[in-house]
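Residue-level structure breakdown
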Amino acid sequence: MDIKVLRDNHKLLAEYKYELGKIDKGYTGRSLFVNISENKIESKPVSQMMKDKFVGGKGFGLWYLWNATTPSTKWNDPENEIIICGGPVCGITQYPGSGKSLVCSISPATDMPIDSNVGGYFGPLLKFSGWDALELQGKSEKDIIIVIDGNNGTVRIEEASLEAVDGHVLGEQLTEMYADNEEDKRNVAVVTAGSGAEHTRMGLLNFTFYDPRRKVARLKQAGRGGIGTVFRDKKVKALVVKFSSVKGDLNNPFDQGILNRTGIKLHKEVHDLDPKQNNMRKIGTANIIEVMDEYDLLPVMNYQYGNHPDTQKIKSTVFIDKYITQGVQDGCWYGCSLACAKAADNFLLKTGPYKGHKVTVDGPEYENAAGLGSNCAIFDPEGILELNFYCDTYGIDTISFGTATAFAMECYERGIINKEITGGLELNFGNFDSAAQLLHQMSKGEGFGVVVGQGIHRMKELFAEKYGADADFLFDIGMEQKGLEYSEYGSKESLAQQGGYGLTNKGPQHDEAWLIFMDMVNNQIPTFEDKAEALHYFPMFRTWFGLYGLCKLPWNDIAPANNKFTSEPAKIPEHVQNYLDIVYGVTGKRLGTDDMVRESERVYNFQRIFNIRLGKGLRKNDKTPYRSMGPVTKEEYESRQERYDGQLKEKIGYDVTGKTTEEKMAVLRSYREDQYEKLTDAVYKRRGWNSNGVPTIEHLKELGMDLPELIEVVKGLQ
Amino acid sequence: MIKVNNRDFQWEQGMTVDDIMKIKKFSWPKIIVKINGQHVEEEDYKTRIVNDGDDVQMLHLLAGG
């Protein structure tokens, strides 16, 4: 449809004019509040307390969300918010990975706060337009878009009924609509969800950045926890921001020179070492597909196994050689030389409403290849790219879709569900056509796709209650915790990673801690106390990225040549110092590593208490499915019998001679579940929590987080 | 017998760092190798002989994902 026709059909609901202002050392000092129930637009000051205790990014997001909601707020209540905030470092162009936004909301998957980080231009352009954060509340009756013009100082809420919903079409339409010309398109950033987000609980947000070489609006995803579902439930079709004067000093930094020097140092490392290390510039995170297979960590057939002979068909070089365009700038924000946002161009779609279209597919990332591929036994690169594309444009999280589909496939293979229940879909492992049908059904809101789209937590309840399935078995094989689907790593052989998934605030997403190599392979953290220390440091360190608007990948997907000579190479000390220098350069705050951990601890404990306030966040909520810990079925045990028999003998002193597989499985399970409980005790202690997982008042005082509203929540649980 | 990452590992006469990596299927590109605390450079993996009783560390650098 003609862009002019679309725009002429818009109906202005509210307009707000503001002074553009100036950023001071990374902060604009104000947030943009938009209530779409009342068509109200306001400026809210950012207080010194917010900067001191919450820093920015997800810290600001969680603080606003806490104040906007009550202990009984549900994800689809009008008071639930979507907050987008970059953080004080967000938007610098000197250091790779400095354009991230953090998005917070109460999740339809977990019924508690979720945070999801995302690249693309929206976060930085929002700040340069004069706003540290966007706080979106309320529900509209009709489809709307919100347009922030950072050149002229206006915010508008417009009814927009004719535009598409799917991300790749709507991103293009609105980029075209709000850019003055082709060159101006890079100054427009759009946030969309997609049609699938309307009918599932796993909706995501697409954040665009315009790619002038490909001439397409590229899509980066705030994928986890169903924030796209909240977005569409509010009847928001899109957010648009426009700002036309991006420069390297717009944060008005405290010391520009240190930013320049630190950035140049890392750019040189990337140039010299990336081809010998992770090859991020060629294939991005998908470089580890075959590595995970070789270490028996790749999820195969709903995490039953860790490798498969057919992984060779989807290994990274297949995508490099046949699909991923090489030699183009793939940074999702200016200045990112790591450039991991890879894409397959002119990809011909074979199914669905866009069948026959040649499109740009943003991906595959590792999680897409593993979740949509090996976990569903779809060892077909074109199948993976097709599912990747449709997940993105429909606004569906690839990780939740992949893990939930793998669960449904295992249930189908085991006869727990059948063709009658699936509406005729043959959900065998490896059936690409059925997986694609599920996705298209999610987009249309029909069929078994809607059931899978509710996520594993709700599928388990449905299959047990309606179809008489064994609830205990479903709990064992359903790879979800707290309502969120696991991301795509097998954790059976790493106790630390079982905690890295299970002892998290938002659910089993590896962005808090990925400890498998340190634990399982390197054997660097053998005791419970060692593991607990790692499960304190790494989640705090990684939380910190989300406070400042930083990407984690340039921290450890590239390492300095002399890193091996440091005392703690896993932490990449030189890069940690880089980050401390950058924060100093932007804000003038001179932090040490202890301060860094302390800043994160404040927000991390706040989020834990937020969970408790909503009836979660206790020890019982940190229980994990047994498949994350060990072999649930006889086939799983026997496929790695030598390993398990050996462990029974060496670790427990159990004589396996003459024992049945079932007997051995029971002993192994008892041992591993006990190990997880002991780990939980050690981690809670290290984090300053009591045995029920509740932060102690004493610890909150130490952190300076003994705010009355927090004490009120935890005082009865001490 | 030698130690590899603090676990017992069957030693054989003439065994090199590269041999151990092949047996263990260690293919990750960022591995730090130390024998008895001394670094071994990647270009020496095929020629560096490991002696009986050595303490070998093969530290995979990935704390991310």
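As the structure is a prediction and not an experimental result, all values here were calculated from the model.

What follows covers the overall build of chain B. Along its length, chain B carries one helix and five strands. Counting from the amino terminus, helix and strand elements in chain B follow one another as β-β-α-β-β-β. For a compact globule of 65 residues, the expected C-alpha radius of gyration is about 11 Å, and chain B comes in at 11 Å, within 12% of that figure. In terms of overall dimensions, chain B has C-alpha extents of about 35 × 25 × 20 Å along its principal axes. Taking all 65 residues of chain B together, 46% fall into the buried category. Measuring between centres, the 9 positive side-chain charges of chain B sit 7 Å from its 11 negative side-chain charges.

What follows is about the pairing of strand β9 (residues 154-159) of chain A. All names here are of chain A. Taking burial as the measure, the six residues of β9 include five buried ones, the bulk of the element. Taken together, the six bridges between strand β1 (residues 11-17) and β9 define a ladder with antiparallel strand orientation. Looking at β9, one finds that Y16 is bridged to V155. Where strand β8 (residues 144-149) and β9 come together, six bridges link them in antiparallel fashion. If you follow I146 over to β9, its bridge partner there is I157. Connecting β8 to the antiparallel partner β9 that follows it, the hairpin turn spans four residues, and G153 within it adopts a positive phi of roughly 75 degrees.

What follows covers the packing of aromatic side chains. Think of a pair of aromatic rings as described by two things: how far the centres are apart, and how the planes are tilted against each other in angle. Residues and elements named next belong to chain A. One pass over the full model with this rule turns up 44 aromatic pairs over all chains. Plain terms: the ring middles of Y121 and W333 are 5.1 Å apart, the flat faces sit at 85 degrees to each other, and that makes the pair edge-to-face. Of this pair, Y121 sits in the loop between β6 (113-118) and α4 (122-128) while W333 sits in the loop between α10 (316-322) and β14 (343-348), placing them 212 residues apart in sequence. As far as the burial class goes, Y121 and W333 line up, both buried. Site record: aromatic cluster; members linked through ring pairs are Y95, Y537, F538, F541, F545, W555 and Y579. Its guanidinium or amino end placed over the ring of Y27, K51 lies 4.6 Å from that ring's centre, counting from NZ or CZ.

Residue and element names in this part refer to chain A. Packing of helix α26 (residues 641-652) against helix α27 (residues 661-687) brings their axes to within 11 Å, and their N-to-C directions diverge by 60 degrees. One finds that α26 runs oblique with respect to α27. As α26 runs across α27, the sense of the crossing is left-handed. Contacts from Q641, Y644, D645, Q647, L648, K651 and I652 in α26 reach K664, V667, L668, Y671 and R672 in α27. For the contact of α26 with α27, the residue count by class is six nonpolar, two polar and four charged.

The interface of chain A with chain B comprises 32 residues on the first partner and 21 residues on the second. Of the roughly 2300 Å² buried where chain A meets chain B, counting both sides, 53% is carbon and sulfur surface. Here chain A is connected to chain B by one salt bridge. Secondary structure elements with two or more residues in the side of chain A that touches chain B: α9 (289-294), α20 (516-521), α21 (528-548) and α22 (553-556) of chain A. When residues of the side of chain A that touches chain B are assigned to their parent elements, the largest contribution, four residues, is made by α20(A). Across the side of chain A that touches chain B, the residue classes break down as 16 nonpolar, nine polar and seven charged.

Right, let's get into the sheet that holds strand β7 (residues 133-137) of chain A. Residues and elements named next belong to chain A. Pairing is mixed in the open sheet, where six strands are placed in the order β3-β2-β7-β4-β5-β6. In the strand order of this sheet, the two ends are held by β3 (40-45) and β6, each with one partner. Taken pair by pair, the neighbouring strands of this sheet meet at an average axis angle of 15 degrees, ignoring direction. By the bridge criterion, six bridges tie strand β2 (residues 30-35) to β3 in an arrangement that is antiparallel. The residue of β3 that forms the bridge with V34 is I41. Contacts from helix α3 (residues 58-68) reach β2, β3, β4 (81-85), β5 (101-106), β6 and β7 within the one sheet, and its direction differs from that of β4 by about 155 degrees.

Turning to unusual backbone geometry, a few remarks are in order. Residues and elements named next belong to chain A. Here G363 and P364 are connected by a cis peptide whose omega angle stands at 5 degrees. Of note, P364 is situated in the loop between β15 (358-362) and α11 (366-373). Positive phi, close to 55 degrees, is recorded for D111, a residue that is not glycine. Within the secondary structure, D111 sits in the loop between β5 and β6.

Residue and element names in this part refer to chain A. In this structure the tally under the stated criterion is four cavities of 30 Å³ or more. In this structure, the second largest cavity occupies an estimated 100 Å³ of space. Lining the second largest cavity are 15 residues, and of these K220, K342, D362, G363 and E365 sit closest to its centre. Top element by residues in the lining of the second largest cavity is strand β12 (residues 216-222). It accounts for four residues. Grouping the constituent residues of the lining of the second largest cavity by class yields five nonpolar, five polar and five charged. Counting contributing residues, the lining of the second largest cavity receives three or more from each of domain 1 (3-242) and domain 2 (274-485).

Residues and elements named next belong to chain A. Mapped onto the elements, R608 comes out in helix α24 (residues 593-613). At 3.0 Å, the side chain of R608 forms a polar contact with the side chain of D622. If we skip the residues at most four places from it in the chain, R608 touches T504, N505, G617, L618, R619, D622, Y684, W689, G693 and P695.

Let us now look at the nonpolar core. Grouped burial of nonpolar side chains is what soluble globular proteins tend to show. All names here are of chain A. Ranked by internal contacts, the top residues of the largest apolar core, which has 237 residues, are F122 and M292. Considering each element in turn, this core owes the most residues, eleven residues, to α21. With residues up to four places along the chain from it excluded, the contact list for F122 reads I84, L134, I148, A189, V191, F207, L239, V240 and V241. If you look at the next biggest cluster of nonpolar residues, it comprises 13 residues, including V147, M177, V188 and V240.

Often, the extent of an interface is quoted as the loss of accessible area upon association of its parts. Residue and element names in this part refer to chain A. When the domains of chain A are assigned, the result is domain 1 (3-242), domain 2 (274-485) and domain 3 (495-558 + 592-717). One C-alpha centre belongs to domain 1, the other to domain 2, and the line joining them spans 26 Å. Summing both partners gives a buried area of about 3600 Å² for domain 1 against domain 2, and 52% of it is carried by carbon and sulfur. Counting the surface domain 1 buries against domain 2, the share from its top three residues, M202, R214 and R224, is 21%. As a salt-bridge pair, R224 and D397 come within 2.9 Å of each other at their nearest N and O atoms. Our count for the contact surface shared by domain 1 and domain 2 stands at 29 residue pairs in polar contact (both at pLDDT 80 or more). The greatest single-element share of the side of domain 1 that touches domain 2, amounting to five residues, is contributed by β12. For the side of domain 1 that touches domain 2, the residue count by class is 18 nonpolar, 20 polar and ten charged.

The rules behind the values
- Starting from 1, residues in each chain are numbered consecutively following that chain's sequence as written.
- Labels are handed out in written order, letters beginning with A for the chains and numbers beginning with 1 for the ligands.
- Where local features are concerned, this predicted model is filtered to residues with pLDDT of at least 70; where side-chain atom pairs are given and counted, the filter is 80 or more; whole-chain, interface and lining totals use all residues.
- Neither water nor hydrogens contribute to the side-chain values; these are computed over all heavy atoms in the structure.
- In this text, helices come from DSSP runs of H or I with a minimum length of four residues, and strands from runs of E with a minimum of two, each type numbered from the N-terminal end.
- Here the radius of gyration uses the C-alpha set of atoms, whereas the globule reference equals 2.2 Å times the residue count to the power 0.38.
- Note on classification: 1.4 Å probe, protein chains only; a residue is buried when its accessible area is under 20% of the maximum for its type, exposed when over 50%, partly exposed between these limits.
- Charged residues are defined here as Lys and Arg on the positive side and Asp and Glu on the negative side; His and the ends of the chain fall outside this count.
- Taken as the charge centre is NZ of Lys, CZ of Arg, CG of Asp or CD of Glu, depending on the residue.
- At least two DSSP bridges between two strands are required for those strands to pair.
- Aromatic rings from Phe, Tyr and Trp, taking only the six-membered ring of Trp, are treated as a pair when their centres fall within 6.5 Å; an angle between ring planes under 30 degrees marks them as stacked, one over 60 as edge-to-face, and anything in between as tilted.
- A ring is considered to have a charge above it if a Lys NZ or an Arg CZ atom is located within 6 Å of its centre and within 35 degrees of its normal.
- The axes used here are C-alpha line fits, helices contributing only the stretch in contact, and every angle between their N-to-C directions lies in the interval 0 to 180 degrees.
- Small angles under 35 degrees read as roughly parallel and large ones over 145 as roughly antiparallel, with 65 to 115 read as roughly perpendicular and the rest as oblique.
- Each helix crossing is assigned a hand: it is left-handed if the near helix lies turned anticlockwise from the far helix by less than a right angle, otherwise right-handed if that turn is clockwise.
- Only heavy atoms matter for contacts: two residues are in contact if any of them lie within 4.5 Å across the pair.
- For this classification, the nonpolar set comprises Ala, Val, Leu, Ile, Met, Phe, Trp, Tyr, Cys and Pro, the charged set comprises Asp, Glu, Lys and Arg, and every other residue, Gly included, is treated as polar.
- For any pair of parts, buried area is found by adding up, for both, the accessible area (1.4 Å probe) each one loses once the two are put together.
- Salt bridges, as used here, are contacts in which a Lys or Arg side-chain nitrogen is within 4 Å of a carboxyl oxygen on Asp or Glu.
- Put simply, the grid is 1 Å and covers the protein atoms alone, a cavity is a trapped set of points that fit a 1.4 Å probe, a pocket is an open set with protein on both sides within 12 Å along at least five of seven lines, and lining residues have an atom within 4 Å of a point.
- Grid points are joined across faces, edges and corners, and a volume is the space filled by probe spheres set on the points.
- Where each domain starts and ends comes from a domain assignment, either automatic or drawn from a database.
- Polar contact is the term for a pair of N or O atoms within 3.5 Å; when the atoms are in protein, one must be able to donate a hydrogen and the other to accept it, and sequence-neighboring residues count only if both atoms are side-chain atoms.
- We call a set of buried residues a nonpolar core when its members are Ala, Val, Leu, Ile, Met, Phe, Trp, Tyr or Cys and they connect through side-chain atoms within 4.5 Å of each other.

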